[in-house]
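Survey of secondary and tertiary structure
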Amino acid sequence: MSRPRRPTSSRASLCSGGVFDWDVAVRKLDELNARVEDPSLWDNPDEAQAVSRDRSRLESQINAVKEMEQGLEDGVMLADMADEEGDEATLEEARASLKAIKDRAARAELEALLSGEADGNDAYLEVNSGAGGTESNDWAGMLLRMYSRWAKAHGYEVEVEAEEGGEQAGIKSATILIKGPNAYGWLKSESGVHRLVRISPYDAAAKRHTSFASIGVSPVVDDAIEIDINPADVRTDTYRASGAGGQHINKTDSAVRLTHVPTNTVVACQAGRSQHQNREQAWKMLRARLYELELQKREAAAQALADAKTDIGWGHQIRSYVLQPYQMVKDLRTNVETSDTQGVLDGDLDQFMGAALAARVGETRGSTVE
C-alpha cells in the first residue's frame, strides 16, 4: 500500500520566492485593522473604501493559508491512521484531500502574483464573432458560455450588459460583467483571437470548418481612478434593445451605444430598463475600455507581453480548440495543451490562465533586469 507523499507546507509554498511574506502580511493586516478602527479615516470615504478593500483582500489571503495548513495537517493525520490500519479506502480519501490542497495552494500562489494596478478589480468581458456567419456566431456563443461557467465555478457574479444574437445560432457580440476579487487579473490574459476547428453541425456535407471569435477584457474602473474623457469626442446612439427584458425593453430606444471617436472604441449597453440606466452603465464601460488601452500602452512601453496586448486582430490567435479530427486545446503562447476539450468548453480554464499569468510575471520581471 503506497501512502501519499507528504506535500510541501502551503505557507512555505506561498511564502517562497518573495511572493507572499507571511510576517509582513500579518503586520500589514494589523496596521490596516487599526486604520479601519480609526474614526477619522471615515472623514475621507474614498480612502476609507480603499483601506477596507485592502484589508479584506489581505485578510482573505491570510485565512486561506491558515485553512490550507489545517487541511494539510488533517490530511496527513488521516493518511497516517489509514496506513496503520491498512484502510485503502480512507487512504484514497486522504490522497484526494491532499491533492485538493495542493491545487488550491498552487492557485493561491499564482493569485499572489496579481499585483497589477487593476488586477483586483471586476472585469468586462466582450465576445465578438469573426467572419463566417452562423459558424462564427455559434463559436462566439460557445465562448460566452465557457467564460460564464468559469466565472460561476469560481464564485464570481455574471451580469449580461449587452448581447446581439446571431441570425440562426449563437451571438454576433456580447459583453458581460464579471464581479469578484481578482476577476480582471485572471481574465486579462484571455484577450485575443480564439480559433475553433470542428465538423460543422450546420453543414449537410459534414465538412470540417475553422471559425474565429475574439475576446476583449477590460477592468472596471474605480471611482478613485480618474479617466478624462472629452464629451465632444464621444458619439451617442440609441436603438431598440433586443432579447429578453419584458414588454418595455423592446418598444423604446432604451439601448445606448457610445463611440469614442479618437480611439474608435465602441461600447453598448441594453441591460437596463431605461435609456438613463443604460447610458450611465455605457459610460462606465467606456471608461474601463479607455483605461485598459492606457494599461496596454504602459506595458508596451515596458516591453512586457507586447504580443498579448496588441489590438485584437485575426493575426493574433492565442488559442486553438480542435474538436475534429482529434481532440485538443492548445495555447499558442505558453504551449499548454489538453485533450479534455469538453472540460475546457465547460469552463475548466485555470491551467491556461495560470500558465499565462506565470509567463506574464516572468517576462515583466525579466524586462527590469539588465
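Preceding this section is the structure that the text describes.
Let me sum up the structure you'll find in this document. Model, not experiment: these values are computed from the prediction.

Criteria and cut-off values
- Residues numbered from 1 in each chain as written.
- Predicted model: local features only at pLDDT ≥ 70, side-chain atom pairs only at ≥ 80, totals over all residues.
- Heavy atoms only, no water.
- Pairing = 2+ DSSP bridges.
- Helix = DSSP H or I, 4+ residues; strand = E, 2+ residues; numbered from the N terminus.
- Axes fitted to C-alpha atoms, helices over the stretch in contact; angles between N-to-C directions.
- Phe/Tyr/Trp six-rings, centres within 6.5 Å; stacked < 30°, edge-to-face > 60°.
- Buried < 20%, exposed > 50% of the residue type's maximum accessible area, 1.4 Å probe, protein only.
- Contact = heavy atoms within 4.5 Å.
- Salt bridge = Lys/Arg side-chain N within 4 Å of Asp/Glu carboxyl O.
- Parallel < 35°, antiparallel > 145°, perpendicular 65-115°, else oblique.
- Left-handed = near helix turned anticlockwise from the far one by under 90°.
- Nonpolar A, V, L, I, M, F, W, Y, C, P; charged D, E, K, R; others polar.

1. A few points about the sheet that holds strand S8 (residues 265-269)
Judged by pairing direction, the sheet is antiparallel, and its 3 strands sit side by side in the order S6-S7-S8 without closing on themselves. What marks the edges here is a single partner per strand, and that holds for strand S6 (234-239) and S8. Each neighbouring strand pair of the sheet contributes to a mean axis angle of 15°, computed without reference to strand direction. Across 6 bridges, the pairing between S6 and strand S7 (residues 255-260) is antiparallel. Across the sheet, Asp237 pairs through a bridge with Arg257, a residue of S7.

2. Comments concerning the packing of aromatic side chains
A complete count under the given rule lists 2 aromatic pairs for this structure. Both rings, one in Trp150 and one in Tyr156, keep their centres 5.6 Å apart while their planes meet at 40°; by these two values the pair is tilted. Exposure remark for Trp150: the relative accessible area of 0% places this residue in the buried category.

3. Brief notes about the environment of Pro219
Its location among the elements puts Pro219 in strand S5 (residues 208-219). It is 5.6 Å that separates the C-alpha atoms of Pro219 and Ala288, two residues lying 69 residues apart in sequence. Each residue touching Pro219, except ones within four places of it in the same chain, is listed here: Ala118, Asn121, Asp122, Ala123, Tyr184, Ala288, Tyr291, Glu292 and Leu295.

4. Examining the pattern of salt bridges
Where charged atoms of side chains with opposite charge meet at close range, the side chains can pair. Scanning the entire structure with this criterion turns up 17 salt bridges. Between Asp103 and Lys99 there is a salt bridge; the shortest N-O distance is 2.9 Å. In this pair, Asp103 and Lys99 both sit in helix H4 (residues 88-111), 4 residues apart, roughly one turn of the helix. Because the salt bridges share partners, they merge into one network encompassing Glu190, Arg319, Asp331 and Arg333.

5. Considering the packing of helix H3 (residues 45-85) against H4
Helices that pack against each other are described as a pair by the angle of their axes relative to one another and the distance between those axes. Interhelical geometry of H3 versus H4 gives an angle of 160° and a closest axis separation of 9 Å. Here H3 lies roughly antiparallel to H4, going by the angle between them. For the pair H3 and H4, the sense of crossing is left-handed. Only Thr90, Leu91, Glu93, Ala94, Leu98, Ile101, Arg104, Ala105 and Ala108 of H4 make contact with H3, whose side of the interface consists of Ala64, Glu67, Met68, Gly71, Leu72, Gly75, Val76, Leu78, Ala79 and Ala82. Its residues assigned to classes, the contact of H3 with H4 shows 13 nonpolar, 3 polar and 3 charged.

6. Observations concerning the pairing of S8
Counting buried residues in S8 gives 4 out of 5 residues, a clear majority hidden from the surface. In this structure, S7 lies alongside S8, joined through 5 bridges in antiparallel fashion. Counterpart to Val256 in the pairing with S8 is Cys269. Between S7 and the antiparallel strand that follows it, S8, lie 4 residues; Asn264 among them carries a positive phi value of about 55°.

Just distances and angles here, no functional claims.
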